[in-house]
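So the chains spell out like this:
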Amino acid sequence: MLPAWRFRSEGRQWTAFCTATGARLSLGPSPSRLQAPELLDIKLTDVCSLGCAFCYQDSRPERRHARLANVAWLAEEAGRAGVFEVALGGGEVSEYPDFLAALHLFRAAGVVPNFTTRRLRWLAQVWPQVRDMVGGVAVSVGSAAEVIRLGELLPAEGRRPGQLVVQVVMGTVGREELLALVQAAGAAEVRVTLLGFKRVGRGQTFAPQPYGWWRDDLRLYVRHTPISIDTALAAECPTELAALLQPGSYHTEEGRFSAYVDAVAMTLAPSSYHSEPVFSMDADWLTHFAAPHFVQGPVTPPAPGRVRLGFATNSSSSHSLVLLREPLEDEPGNPAEWEEAFATTWGEFTAVTLAAKQFYLAANLMRVREHLFPRQSEAEAQAMIRRLCDLPPDAPLSTEGIDHQSALWFQPNPAGPGPHPHQFERVKTVLFAPGASIFGMGDDGDDRAPRWQAVDFMLDSADFMSMFSLDETEQPLPPRPSGLSEPLYLLGLVRGQRFLDVVQRALAAGVPWAEVKAALLEDEQHVDKPTLFLKVLTAAGLQPPAFLLPTPGGHRSDERRAWFALYLKAPPDALSRFMTRLETLGREEPAFAATVLDYATSDLGFEPFDEANFERLLKALSHGQRFAAAVGQEQFGIHPRITEYLNGL
């Protein structure tokens, strides 16, 4: 158990942190920078099935969870660095399979865990298990009715004062509703946090209501319950807040006292919505945190015309790879002007011609040149980048503008400087294909955007970045078969040949392309997507095992998707043995069998296939009920126990 207080000294400032209440007491002048953040904001998962239209993370059901091994490493690093607390979010943390295990990991490291959710009933169910483990819980709400329901599910006598807070995204509720919400929070003894609207992710296409009136109403709010605001909201009106609030009671800088960790992608940034800088979350993370330009502030809404290019490494990108039926013109038209365009000039751009895409790829390599060319001078690195991108020796290269949302994080070449040759070949093949166009859009969107609706399909950041983890990256690229359309061929290069094989077999069986696309790609228009997904797999000859099929009154879409994800990765003979043994376990322990499948997908299915670990899992499955009994069937924290059991085999 943690002690009641933890202490840190930074320069001439001394800080005490209460692990029970989250209260912080600082004495002495505040330092301009800390040696380590006091708070880490950690994204546990990019999975969320709630579908909020304004989600700045753009999280979706098909996305990925953070690996628990990475979360364990983050807990150890946070404890070693003296981090006081972490804020765990997503995505939706209730959909993270090892959520309770993550809480235990941070508590064991001496770090107070907090988390955010929008699922009220789930929170009430797990509250007895988390109440004494967490510092605070933030619940995202959008109405007074939700706050009233929260107070009914978690009455004040069952929690510490100040332990529960509701947070509201400004621009998503009206003036009268927000006042009613604050009043309901006061009656339920719940605090309120107001969040600035962030025009990233799905927030780019959501039209927020005006909310400048909140400053006038703040005096009304604080009569009912304590009110806090985030730095994004504070930065929207620094002059007004300076007249309204006490100096030092708020700040508008990100990255000074805290940092954001995307545990899914294992990256470090000042906040979850800044475009740059971003670093790899590795053993040097404290050095990155201390970098001169890490602190970002004051935070302001994205300026019109800010270019965020290409493919994202996380979920708040405004860009996709678009495969068009009809090509468009480049903007800017002269590829030599792209150096300026990459920096700040263009609010929207298209890259269609080969020359434009060459400059785009070169800018990506320039963005990560220190990672890929660590021992080369800048002139040497630029010369190699020009050769890799087939550009003339005197072509101008941009050093700005490709931010962390856009950068393609290549693995380094194990045999020398530059990117991994097979991975880079795949990227060039996709980007330079005549059927591929790149679309970039400023954070505020553009009236011309509807012209991009006539697309064959889009590949988002998760699609494109999965190229870097596929086993096929080590193999030569397959030629495009005659009769296979360019877009489908490119989809196969990104998603993998086995994925493409499913698409081709489903089309050959007579399933319309629109249904195949809706089932296997990101298309949220079909309300009965589980049935459609099963239809496509069945047409392709991939009928899932019986225990994964829908039960009366319900469906097992998540398990079938996990099985399909594993199919794309595991060798056919290994997958066949796995499913035979899993079916046996499914008849004996169906709920546990689904958990084992989820474990196999999460821990083995998205990284380069680990044959040794998969063989251990096959061996464990041969034990059937003995395996289930040895590991246990609790919903939370089961993945670490499976891992421990397998390591003992």
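Here, the structure is the one placed above.
A few points on the structure. Computed from a predicted model, the values in this text were never measured in an experiment.

### Focus on the sheet that holds strand E4 (residues 39-43)
Move 1: Pairing within the open sheet is mixed, and its 10 strands lie in the order E10-E9-E8-E7-E6-E5-E4-E11-E12-E13. Bordering the open sheet on either side are strand E10 (227-229) and strand E13 (279-280), each of which pairs with just one other strand.
Move 2: Bridge analysis of strand E11 (residues 258-262) against strand E12 (residues 267-269) gives 3 bridges, and the strand direction is antiparallel. Counted as the bridge partner of Val261 is Leu268 from E12.

### Points about the nonpolar core
Move 1: Membership of the largest hydrophobic core comes to 74 residues, with the highest contact counts inside it found for Phe115, Leu123 and Val166.
Move 2: Each residue touching Val166, except ones within four places of it in the same chain, is listed here: Val139, Val141, Val147, Leu150, Leu181, Ala185, Val190, Arg191, Val192 and Thr193.

### So, the pattern of salt bridges
Move 1: Within the structure shown, the criterion is met by 15 salt bridges.
Move 2: By sharing partners, the salt bridges in this structure join Lys43, Asp46 and Arg63 into a single network.

### Here's the deal with helix H2 (residues 99-108)
Move 1: With 7 of 10 residues buried, H2 is to be regarded as a mostly interior element.
Move 2: Considered for burial, the residues of H2 that qualify are Phe99, Leu100, Ala101, Ala102, Leu103, Phe106 and Arg107.
Move 3: Contacts made by the buried residues of H2 are with E4, helix H1 (68-81), strand E5 (85-89), strand E6 (112-117), helix H3 (120-130) and helix H25 (638-647).
Move 4: Directly beyond the C-terminal end of H2, a positive phi value near 85 degrees is found at Gly110.

### Quick word on a nonpolar patch on the surface
Move 1: Nonpolar side chains collect at one region of the surface, where Trp5, Phe7 and Trp14 lie side by side and expose about 340 Å² of accessible area between them.
Move 2: Relative to the helices and strands, Phe7 is located in strand E1 (residues 5-10).

### A word on the packing of aromatic side chains
Move 1: Using the criterion set out here, one finds 14 aromatic pairs in the structure.
Move 2: A centroid spacing of 6.2 Å and a plane angle of 45 degrees characterise the contact between Phe499 and Phe564, whose relative ring orientation is tilted. Here Phe499 is found in helix H17 (residues 497-508), whereas its partner Phe564 is found in helix H20 (residues 557-569), with 65 residues between them in sequence.
Move 3: Looking at Phe499, the relative accessible area reads 2%, which means it is buried.

### Some words on unusual backbone geometry
Move 1: Between Gly90 and the following residue, Gly91, the backbone shows a cis peptide bond with an omega angle of 20 degrees.
Move 2: Positionally, Gly91 belongs in the loop between E5 and H2.
Move 3: In this structure, Asp58 takes a positive phi of about 55 degrees despite not being glycine.
Move 4: Within the secondary structure, Asp58 sits in the loop between E4 and H1.
Move 5: The class of Asp58 is buried, set by a relative accessible area of 11%.
Move 6: Notably, Met266 is not glycine yet its phi reads approximately 55 degrees, a positive angle.
Move 7: Counting through the fold element by element, Met266 comes out in the loop between E11 and E12.

### Some points on the environment of Leu361
Move 1: Within the secondary structure, Leu361 sits in helix H11 (residues 354-367).
Move 2: Considered as a pair, Leu361 and Cys389 are 28 residues apart in the sequence and their alpha carbons are 6.9 Å apart.

Basis of the calculations
Residues numbered from 1 in each chain as written. Predicted model: local features only at pLDDT ≥ 70, side-chain atom pairs only at ≥ 80, totals over all residues. Heavy atoms only, no water. Pairing = 2+ DSSP bridges. Helix = DSSP H or I, 4+ residues; strand = E, 2+ residues; numbered from the N terminus. Core = buried A, V, L, I, M, F, W, Y, C linked by side-chain atoms within 4.5 Å. Buried < 20%, exposed > 50% of the residue type's maximum accessible area, 1.4 Å probe, protein only. Contact = heavy atoms within 4.5 Å. Salt bridge = Lys/Arg side-chain N within 4 Å of Asp/Glu carboxyl O. Patch = residues over 30% accessible without salt bridge, like charges linked within 9 Å, V, L, I, M, F, W, Y side chains within 5 Å. Areas by Shrake-Rupley, 256 points an atom, 1.4 Å probe, with all protein chains shown as cover. Phe/Tyr/Trp six-rings, centres within 6.5 Å; stacked < 30°, edge-to-face > 60°.

Don't take any of this as a statement about function, it's just geometry.
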